[in-house]
Amino acid sequence: MPRIWIYGEVSDGRPAQVVLELLTRARQLTDGVEVVVLDPDGAAVVDELGAHGAARIHLGTETAYRDHLSQPVADALSALALEHHPDLILFGATYNGRDVCARVSARLGATVVANGLDVEMAGDQASVRSSIFGATQDVATEAGGPTPCVLVRPRSLVAEPGGARTPEVVPVPAAVRPEHCRVRRLESVAAPAAGPKLEEAAIVVSGGRGLQDASNFALLERLAELVHGAVGASRAVVDAGWVPYARQVGQTGKTVKPKVYIACGISGAMQHTVGMKGAKSIVAINKDPDAPIFKLADLGIVGDTLKVLPAVIAELEKRTG
Ligand SMILES: Cc1cc2nc3c(=O)[nH]c(=O)nc-3n(C[C@H](O)[C@H](O)[C@H](O)COP(=O)(O)OP(=O)(O)OC[C@H]3O[C@@H](n4cnc5c(N)ncnc54)[C@H](O)[C@@H]3O)c2cc1C
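Keep in mind that this is a model prediction, so the values were computed, not measured.

1. Looking at the overall build of the chain
Across its full length, the chain carries 10 helices and 16 strands. Each of the three principal axes of the chain carries a C-alpha extent, and together these read 60 × 40 × 35 Å. Classification of the 321 residues of the chain by burial places 45% in the buried group. Within the chain, contacts between residues at least 6 apart in sequence are counted, and of these 67% link residues at least 24 apart.

Given below as structure tokens:
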């Protein structure tokens with residue numbers, strides 16, 4: 001049976017969503033998935049990892065794991081991997097996951113496969129599915145050599161509780177190297193955000209260049225507020241500086257899987273659609289009846305989004321009083 005490990009990133013005292021997604025997939029591939037949690041808040045995530053099927057948790061709670069960027073975490077994780085030789089280590093492709101994965105794979109001299117969408121195992125041999133050439137082709141890549149490290153994009157997989165058990169918790173020996181603590185985090189400031197996170201929202205209202213001007217994103221903000229959704233964007237408007245990169249949906253942005261995705265003034269380039277085509281229902285507003293987004297849409301509105309949006313908002317405001 002393959003021995004699969006997951007890097008158990010912690011975010012705001014909870015397992016990062018992608019860790020639960022990886023755990024859900026890994027427990028379908030093997031029994032006895034192990035998660036390595038290196039965070040001062042790590043003890044708080046044990047139950048939720050167990051509810052998603054983690055059999056064993058390697059737990060380290062040194063403050064250095066949070067205070068000194070990713071070097072102490074990479075030291076501890078690579079030392080554990082060299083001791084136990086798992087067949088595969090999965091990382092979520094978050095900022096932190098990418099950083100830790102790069103350092104761990106360098107220390108192990110291990111193969112890295114980045115940008116994964118799914119993982120399969122044949123015996124103890126991993127293969128990774130990913131998209132290439134602007135998401136026009138899917139490829140399966142064999143991750144060979146001892147302990148390959150694989151980065152999987154958040155929201156490519158679905159997190160579901162299951163395989164519940166009380167995981168065995170194995171303490172990670174504290175062996176933080178002072179020379180790897182020279183960079184210290186001074187402050188951490190959460191960006192002010194109202195409403196759900198883009199990756200977690202049930203409804204996403206996204207805008208593209210068809211909105212004509214950055215100020216018109218206020219319409220999307222209002223609609224998102226009315227439907228308890230989040231605002232996304234195409235890369236064109238991120239590149240234009242209208243909205244921050246954190247809002248970008250697509251190949252080089254976030255992958256979202258909401259119940260409803262409302263694309264306003266977005267053409268539907270494949271680099272955008274690869275990040276939202278998993279939505280249950282897609283609504284598109286575009287003034288060009290031949291816009292490619294209509295090929296994906298369940299409901300298409302041919303019209304000026306700057307006229308359609310205010311009408312929808314007015315109707316919702318009337319209904320919600
Ligand atoms: C390597 C690579 C990675 C990329 N990654 C991403 C990515 O992650 N995410 C992403 O989004 N893009 C990405 N792109 C860019 C992508 O190819 C497109 O250029 C981009 O998605 C276009 O954004 P858009 O639809 O807002 O703009 P446009 O293509 O300019 O489309 C604007 C649309 O608005 C419509 N419109 C205009 N005015 C109105 C109006 N008043 N009312 C209604 N409709 C109107 C037009 O008919 C048109 O369909 C990537 C490109 C490359 C090469």
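There is more to say, and it comes next.
2. With respect to the site of the ligand
What surrounds the ligand is a group of 29 residues, the closest being Gly208, Gly210, Arg235, Gly250 and His272. If one sorts the elements of the shell around the ligand by residue count, helix H7 (residues 235-239) sits on top with three residues. Of the residues in the shell around the ligand, the class split is eight nonpolar, 16 polar and five charged.

3. Focus: the nonpolar core
By size, the foremost hydrophobic cluster in this structure holds 50 residues, and its most contacted members are Ile6, Leu23, Leu77, Leu90 and Val150. The residues touching Leu90, leaving out its near neighbours within four places in the chain, are Ile4, Ile6, Leu22, Ala26, Val119, Val150 and Val152. Core analysis: the second largest hydrophobic core is formed by 35 residues, Trp242, Val249, Ile262 and Ile266 among them.

4. Regarding helix H4 (residues 71-84)
One turn of the α-helix equals 3.6 residues, which is why residues spaced by three or four share an orientation. Its 14 residues place the ends of H4 20 Å apart at the C-alpha level, agreeing with the 20 Å of an ideal helix rising 1.5 Å per residue. The complete set of buried residues in H4 reads Gln71, Pro72, Val73, Ala74, Asp75, Ala76, Leu77, Ser78, Leu80 and Ala81. Two residues or fewer past H4, His85 is found with a positive phi of approximately 50°.

5. Examining the domain arrangement of the chain
By the assigned domains, the chain splits into domain 1 (4-180) and domain 2 (203-320). Each of domain 1 and domain 2 has a C-alpha centre, and the two are 33 Å apart. Class assignment of the residues belonging to the side of domain 1 that touches domain 2 gives a composition of two nonpolar, four polar and two charged.

6. Some points on the packing of helix H6 (residues 217-227) against helix H10 (residues 305-320)
Two elements in contact, H6 and H10, have axes whose closest approach is 10 Å; the angle formed by their N-to-C orientations is 30°. Between H6 and H10, the angle falls in the class roughly parallel. The way H6 lies across H10 gives a crossing that is left-handed. For the pair formed by H6 and H10, the contact residues are Leu219, Arg222, Leu223 and Leu226 on the first element and Leu309, Pro310, Val312, Ile313, Leu316, Glu317 and Thr320 on the second. Broken down by class, the residue content of the contact of H6 with H10 amounts to eight nonpolar, one polar and two charged.

7. Here we look at the packing of H4 against helix H5 (residues 95-108)
Any two packed helices are characterised by how steeply their axes cross, that is the angle between the axes, and by the distance between the axes. Look at H4 against H5: their axes get within 9 Å of each other, and the N-to-C directions meet at 45°. Put simply, H4 runs oblique to H5. Between H4 and H5 lies a crossing whose hand is right-handed. Across the interface between the two elements, Gln71, Val73, Ala74, Leu77, Ser78, Ala81 and Leu82 from H4 touch Val100, Arg103, Val104, Arg107 and Leu108 from H5. Split into classes, the residues belonging to the contact of H4 with H5 amount to eight nonpolar, two polar and two charged.

8. Some words on the environment of Asp75
Tracing the sequence through the fold places Asp75 in helix H4. Since 20 C-beta atoms lie within 10 Å of it, Asp75 is described here as buried. Taking C-alpha positions, Asp75 is 8.7 Å from His180, a pair spaced 105 residues apart along the chain. Ignoring anything within four residues of it in the chain, the contact list for Asp75 reads Arg177 and His180.

9. Quick look at the pairing of strand S14 (residues 260-264)
With four of its five residues buried, S14 lies for the most part within the structure. In this sheet, S14 lies alongside strand S12 (residues 203-207) in parallel orientation, the contact comprising five bridges. Looking at the pairing, Gly207 lines up with Cys264 of S14. Of the strand pairs in this sheet, S14 and strand S15 (residues 281-286) are connected by five bridges, and their pairing is parallel. Bridging across to S15, Cys264 finds its partner in Ile285.

Rules used throughout
Residues numbered from 1 in each chain as written. Predicted model: local features only at pLDDT ≥ 70, side-chain atom pairs only at ≥ 80, totals over all residues. Helix = DSSP H or I, 4+ residues; strand = E, 2+ residues; numbered from the N terminus. Buried ≥ 20, exposed ≤ 12 C-beta atoms within 10 Å, placed from the backbone. Contact = placed C-beta atoms within 7 Å. Near = placed C-beta within 6 Å. Nonpolar A, V, L, I, M, F, W, Y, C, P; charged D, E, K, R; others polar. Core = buried A, V, L, I, M, F, W, Y, C linked by C-beta atoms within 7 Å. Expected span 1.5 Å × (residues − 1). Domains from an automatic or database assignment. Axes fitted to C-alpha atoms, helices over the stretch in contact; angles between N-to-C directions. Parallel < 35°, antiparallel > 145°, perpendicular 65-115°, else oblique. Left-handed = near helix turned anticlockwise from the far one by under 90°. Pairing = 2+ DSSP bridges.

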